[in-house]
Amino acid sequence: MLTERILLSDILTSITIIIFFVGLALVYYFLIRKLLFRLSRKTGTQFDDLIVKAVEWPVFVLIILAGCYLTFVFLPFQGDYDFVIRRVFHLFFIILGAMAIGMAIDALFRWFKMEVISRTNTPIDDWFIFFIRLVSPFIVGIAASLVVLGLYEIQADAYKNWVLTYGTRITLVIVVTIIVLFSVGVIVSKGIKVLLSRRPPEQSLEEALKRTNTLSSVILTSLQVFIIVIAIFIILSEFINITPALASLGVVGIAVGLGAQSLVKDMIAGFFIVTENQFRVGDVVSIAGIRGLVEDINLRRTIVRDIDGVVHTVPNGLITVASDFTKGFSRVNLNISVAYGTDLDRAIVVANRVCSEMAEESLWAPLIIKTPAVLRVDKLGDSGIELKITGDTKPIEQWAVMGEIRKRLVKAFEQEGIEIPFPHTKVYFGNSSVGKLPEK
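Residues numbered from 1 in each chain as written. Predicted model: local features only at pLDDT ≥ 70, side-chain atom pairs only at ≥ 80, totals over all residues. Heavy atoms only, no water.

Chemist: I keep staring at the nonpolar core and nothing clicks. Help me out?
Modeler: Generally speaking, a soluble globular protein has its nonpolar side chains buried in company with each other. Of all hydrophobic cores here, the largest spans 24 residues; its most connected members are I389, V401, I405, L409 and F413. Listed by contribution, the elements that provide at least two residues to this core are β6 (330-338), α9 (344-360), β7 (368-380), β8 (385-393) and α10 (398-416). Examining the composition of this core, we find that seven residues originate from one element, α9, more than from any other. Residues in contact with F413, not counting those within four places in the same chain, are I336, V338, A347, V350, A351, I418 and I420. Counting residues in each nonpolar core, the second largest holds 13 residues, with V274, I287, V294 and I319 among its members. (Core = buried A, V, L, I, M, F, W, Y, C linked by side-chain atoms within 4.5 Å. Buried < 20%, exposed > 50% of the residue type's maximum accessible area, 1.4 Å probe, protein only. Helix = DSSP H or I, 4+ residues; strand = E, 2+ residues; numbered from the N terminus. Contact = heavy atoms within 4.5 Å.)

Written out as structure tokens, the structure is:
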């Protein structure tokens, strides 16, 4: 009777424990988890949101698993069964812990990509973080496997020694590299804000943003390549003696340098393009006989997309003259023809009125810096007299403004009875008596 009473009390205690932990898990999921999400939304970063979302299910399962573990602890199993059950639970705890750590690390990488990499405008950190996201589950798995080997007392000394020595160092190098890349990204993003806040009064926000984005992209890419190369050499030094390799690399570098003079020329030209602010990403330029929108710049090449959508990769060494159509401001520069015999003063008044009305409209006023107006009678053409209209607009907006002016002038001239000529030829035979028959 005593044994049955003790067994019954143990069962009741175990049931109480499992009910308590199930309730605790429900409280966590429906109250604590939602409270954490509310608090995380009030912060200025998405890091805490991603972490809470990543570990919500592992924590929920961990609470249930802890309740099940304590439940079986209070049940009167015999020694062998108790030992096996405890080990199974320990194995589940290790697997669950590894999953939680892996999901938290993945959340960290996703936050880094969303809030840091998105500001750098360089693909190097994207590639590196993508590689680390692939490698990190293996690192967590190796650490978990070490704990499992120790749990089951499996002899794998060579494996353990390698992981504890070389594996620890390599992991430390990777972690430090990530921290350095993160710090560089934060410093550069802070530098962008400082440069924007200290821009000259005459420089617009758009121009300052183009400048800082271009500089940050080139500088950050160079720093990241330097950091990653150093990290690779440190990792290689854990496996091989890199001193002979570095010596050989120096000889190879001299040979490559002699055969890659054009590459060196491109990089030097790219350095001066960026530092002298010759043009930026987002400008419309004419370089090396190609005219289009600059989509990307680095020390070696400039990528330009022309009006047909064709992407041109131009080595910086080929850029001898760079014409920027959208730096600071853009210029309206168009000619409109009127027929010979037109009252030019009246045509000029109509053209100026059309441009002034357009500059006062809410749609076009933000794009126009200086109201377009007739500058002069520019040319006596074959078919008509050309009036030159000039004005200033915000960068890259001149083509839209000129197109609208042309459309409005056609309508206004038609309403005012001012003829816009088309190409035609007048034939004159000289003496009017030519071709007449002589009188008798």
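Chemist: So what exactly am I meant to see when it comes to the sheet that holds strand β3 (residues 301-305) here?
Modeler: Strand-to-strand pairing in sheets goes through backbone hydrogen bonds, with the strands running parallel or antiparallel. Strand order in this open sheet of five strands is β4-β3-β2-β1-β5, and the pairing throughout is antiparallel. A single partner strand is all that each edge strand has here, and the edge strands are β4 (311-315) and β5 (322-324). Going from strand to strand, the sheet's axes swing by 40° on average, the running direction of each strand aside. Two elements, strand β1 (residues 284-287) and β5, share three bridges in a ladder whose sense is antiparallel. (Pairing = 2+ DSSP bridges. Axes fitted to C-alpha atoms, helices over the stretch in contact; angles between N-to-C directions.)

Chemist: Explain helix α2 (residues 47-74) to me, please; I cannot follow it from the model alone.
Modeler: Because the α-helix completes a turn every 3.6 residues, residues three or four places apart line up on one side. Between the first and last C-alpha of α2 there are 40 Å, a value that for 28 residues agrees with the 40 Å anticipated at 1.5 Å per step. Approximately 40° is the largest bend angle found in α2, and it occurs at E56, with the proline P58 only one to four residues beyond. (Expected span 1.5 Å × (residues − 1). Bend = angle between axes of the 7 residues up to and from the residue.)

Chemist: I keep staring at unusual backbone geometry and nothing clicks. Help me out?
Modeler: In most cases, non-glycine residues show a negative phi, while peptide bonds are predominantly trans. Of note in this structure, N277 is not a glycine but carries a positive phi near 60°. Inspection of the secondary structure puts N277 in the loop between α8 (261-275) and β1. Taking the relative accessible area as the measure of exposure, N277 reaches 14% and is therefore buried.

Chemist: What is the right way to look at the side chain of D266 in this model?
Modeler: Turning to its location among the elements, D266 is positioned in helix α8. Despite its burial, D266 pairs with no opposite charge; the closest candidate is R300, at 5.2 Å N-O. One polar contact links the side chain of D266 to the main-chain amide nitrogen of G317, over a distance of 2.8 Å. Here D266 is in contact with L299, R300, P315, N316, G317 and L318, once residues within four sequence places are set aside. (Lys, Arg positive; Asp, Glu negative; His and termini not counted. Salt bridge = Lys/Arg side-chain N within 4 Å of Asp/Glu carboxyl O. Polar contact = N/O pair within 3.5 Å; in protein donor to acceptor, adjacent residues only side chain to side chain.)

Chemist: Teacher, can you tell me more about the pairing of strand β2 (residues 290-297) here?
Modeler: Two faces, one strand: in a regular strand the side chains alternate between the faces of the sheet. Where β1 meets β2, four bridges bridge the pair, whose relative direction is antiparallel. Across the sheet, the residue bridging to V285 is G292, located in β2. What sits between the antiparallel neighbours β1 and β2 is a turn of two residues, in which A288 has the positive phi angle 50°. Of the pairings in the sheet, the one linking β2 to β3 comprises four bridges and is antiparallel in character. Across the sheet, the residue bridging to D296 is I303, located in β3. Between β2 and β3, which pair antiparallel in sequence order, lie three residues.

Chemist: I tried to follow the packing of α9 against α10 on my own but got confused; where do I start?
Modeler: For any two helices packed against each other, one specifies the inter-axial angle together with the distance between the axes. Where α9 meets α10, the axes come as close as 10 Å, and the angle between the chain directions of the two elements is 130°. The pairing of α9 with α10 is recorded here as oblique in orientation. Crossing hand, α9 versus α10: right-handed. Each of R346, A347, V350, A351, R353, V354, C355 and M358 in α9 lies in contact with α10, whose residues at this interface are V401, E404, I405, R408, L409, A412, F413 and E416. (Parallel < 35°, antiparallel > 145°, perpendicular 65-115°, else oblique. Left-handed = near helix turned anticlockwise from the far one by under 90°.)

Chemist: Please explain a positive patch on the surface as it appears in this structure.
Modeler: Taken together, the side chains of K34, R38, R41 and K42 make up a positively charged region of the molecular surface. Inspection of the secondary structure assignment puts R41 in helix α1 (residues 2-41). Relative accessible area serves as the criterion here: at 60%, R41 is assigned to the exposed category. (Patch = residues over 30% accessible without salt bridge, like charges linked within 9 Å, V, L, I, M, F, W, Y side chains within 5 Å. Areas by Shrake-Rupley, 256 points an atom, 1.4 Å probe, with all protein chains shown as cover. Charge placed at Lys NZ, Arg CZ, Asp CG, Glu CD.)

Chemist: Any chance you could explain the environment of L380 here in plain terms?
Modeler: Locating L380 in the fold gives a position in strand β7. Sequence separation of L380 and V338 is 42 residues, and the distance between their C-alpha atoms is 10.0 Å. Look past the residues within four positions of L380 in its chain and what remains in contact with it is Y340 and I385.

The quantities given are spatial measurements derived from coordinates; they are silent on function.
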